[in-house]
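# Observations on chain architecture
Given next are the chains, with one letter for each unit.
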Amino acid sequence: MVKFLDLKGVNNRFRNEISDAMERVIDSGWYLLGKEVGAFESEYADYIGTNHCIGCANGLDALTLILKGWLEMGLLQPEDEVIVPANTYIASILSITENNLRPVLVEPDPHTLQIDPDNIRRTLTPRTKALMVVHLYGRCAWSEEIEKIASENGLLVIEDNAQAHGCVFKGKRTGSLGDAAAHSFYPGKNLGALGDGGAVTTDDETLARTVRELANYGSSRKYVFDYRGRNSRLDELQAAILRAKLPRLDADNGRRREIAREYCQGINSSIITLPQLPENEESNVWHVFPILSPQRDRLQAYLRDKGIQTLIHYPIPPHKQKCYPEFRNMSLPITEWIHDTELSLPISPVMEPEEILAVIEAVNSFPN
Ligand SMILES: Cc1ncc(COP(=O)(O)O)c(C=O)c1O
C-alpha cells in the first residue's frame, strides 16, 4: 500500500534529535515562552529572511493575529475588503471574517491554480485594503504583477505560507515577500510539528510587537493588558521539535521536487492534466501534487483498489460551505471546476522509489 503521507516515517528520521529536544525541555522546567521558542523564532526568521518571527498556536491564529494587528494599528477598519483566492483552504477566509473584515473571493488562474492578478484588478473597489496571497499546494503565487497591484492601490499584503515553507521567489523566500506572513506547522506540512503550531513573520517592528502582545492575552507586561487579546502560543516542546527538523527542510523540499519531476515525466494519461513544472524549480515546494481529471472520483476509487491513497484538496469550495451562506449564490466556475476535478497524489520525502513507480503505473493503467 502506498500511503498518502507516512507521517511516522517522516518523523522517525528525527527520532534521536526529537528525543534530545524533548529531554532538554523536560529538564529545563520551563514549558511556555522560554528559550526554545525564542531560539526557534530567531532561526525561522533567519531562514525566511525577515527581521521578526512570532510563534503562535497554529496557522489559522497566525493569519487572524496579523489582521487583528493591522486593525489595532488603525491600518484596517472593520468591513474593509480583503481579496483572497476563492479556491483556498477555509482557514484563509475564516481569519478574515473572524476579524469582521469582508472576504472578496477571486478566481484562480486555471493553469497555475493560484490567484489570478487580472481577476484581482477586476475586483478592486475603494474599500479594498488588503490582499491575501496564498501559496497553495506549495507553489509560489507571488508575481511582479501582484506586487505592482498592491503598491499602486496601497494594499497591505498578507501571505498565507501554510503550505509553502522554503519556497523561493527570485532569491527571496515566500513569507518574506508581503507585509506579513502566516505559517502553519500542522504535522502534515512540509515543516510539521508533533501537534499544532504556527508563526507570523514580518519586517514591521510595530506589527511584530502588536502580534506578540495579542497572542499573549493582549499583554504588554505581566498583568497589564493593552488589547483584548487571545492565548495563542507555540509551546516549548513544539518549538524544540521544529528546531530539530528545520535544518532538513531544504533537502526534504528537494526530494519532493524530484518526485514531482518523476510524476510529470512518467504519467501520460490523456484524461489527466498534470501540474506545470515551474521554470524556476525553487518556486514550488510541492506540499501537494495536484492532478486534474474529469473522471476524478472514478480514478480515486481505482487507485484505492490498487492500494494507493489519494486525497482531494478540497472537495467543497469555501463559497459552497454551510458556514458561508452569504456566498452560496456566487458563480465561481474555475474554482468549482478545480474542486470537481482535483486529486492529490502521494508525495513526501520518505517515499520509496518503487512507491513512486507504483503510483505512476497505477495512474497510467486507469482505463479511459
Ligand atoms: C492554506 C492554509 N492556510 C491556513 C491553514 C491553517 O493552518 P492550521 O491548521 O495550522 O491552523 C492551513 C492548514 O491547515 C492551510 O492549508
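Look above for the structure.
The notes below deal with the structure included here. (Residues numbered from 1 in each chain as written. Predicted model: local features only at pLDDT ≥ 70, side-chain atom pairs only at ≥ 80, totals over all residues. Heavy atoms only, no water.)

Attention shifts here to the overall build of the protein. Helices and strands together make up the secondary structure of the protein, namely 13 helices and 13 strands. By the compact-globule yardstick of 21 Å for 368 residues, the protein fits well, its C-alpha radius of gyration being 21 Å. With 368 residues in all, the protein has 56% of them scored as buried. Considering only contacts within the protein whose residues lie at least 6 apart along the sequence, 69% involve residues at least 24 apart. Across the protein, 39 positive and 51 negative side-chain charges occur, with their mean positions spaced 3 Å apart. (Helix = DSSP H or I, 4+ residues; strand = E, 2+ residues; numbered from the N terminus. Rg over C-alpha atoms; globule rule 2.2 N^0.38 Å. Buried < 20%, exposed > 50% of the residue type's maximum accessible area, 1.4 Å probe, protein only. Contact = heavy atoms within 4.5 Å. Lys, Arg positive; Asp, Glu negative; His and termini not counted. Charge placed at Lys NZ, Arg CZ, Asp CG, Glu CD.)

Let us now look at a negative patch on the surface. Taken together, Glu 17, Asp 20, Glu 23 and Asp 27 make up a surface patch of like negative charges. Structurally, Glu 23 is set in helix 2 (residues 15-28). On the basis of relative accessibility, which here comes to 49%, the residue Glu 23 falls in the partly exposed class. (Patch = residues over 30% accessible without salt bridge, like charges linked within 9 Å, V, L, I, M, F, W, Y side chains within 5 Å. Areas by Shrake-Rupley, 256 points an atom, 1.4 Å probe, with all protein chains shown as cover. Salt bridge = Lys/Arg side-chain N within 4 Å of Asp/Glu carboxyl O.)

This part is about the packing of aromatic side chains. According to the stated counting rule, one finds nine aromatic pairs in the structure shown. Here the aromatic rings of Tyr 44 and Phe 185 are separated by 5.3 Å at their centres, their planes lie at 85°, and the arrangement is edge-to-face. Taken together, the residues span a long stretch of sequence, with Tyr 44 in helix 3 (residues 35-48) and Phe 185 in the loop between strand 8 (180-184) and strand 9 (198-202) at a distance of 141 residues. Classification of Tyr 44 by relative accessible area gives buried; the value is 0%. You can call Phe 185 buried: its relative accessible area is 0%. Here the aromatic residues Phe 40, Tyr 44, Tyr 47 and Phe 185 are joined through ring pairs into a cluster of three or more. The lysine or arginine in question, Arg 173, covers the ring of Tyr 47, its NZ or CZ lying 3.9 Å from the ring centre. (Phe/Tyr/Trp six-rings, centres within 6.5 Å; stacked < 30°, edge-to-face > 60°. Lys NZ or Arg CZ within 6 Å of the ring centre and 35° of its normal.)

For any two helices packed against each other, the geometry is given by the interaxial angle and the distance between the axes. In the contact formed by helix 3 and helix 9 (residues 236-245), the axes pass within 8 Å of each other and the chain directions differ by 40°. One finds that helix 3 runs oblique with respect to helix 9. The crossing of helix 3 and helix 9 is left-handed. Counting all contacts with helix 3, which are made through Lys 35, Glu 36, Val 37, Ala 39, Phe 40 and Glu 43, the residues of helix 9 involved are Glu 236, Ala 239, Ala 240, Leu 242 and Arg 243. Broken down by class, the residue content of the contact of helix 3 with helix 9 amounts to six nonpolar, no polar and five charged. (Axes fitted to C-alpha atoms, helices over the stretch in contact; angles between N-to-C directions. Parallel < 35°, antiparallel > 145°, perpendicular 65-115°, else oblique. Left-handed = near helix turned anticlockwise from the far one by under 90°. Nonpolar A, V, L, I, M, F, W, Y, C, P; charged D, E, K, R; others polar.)

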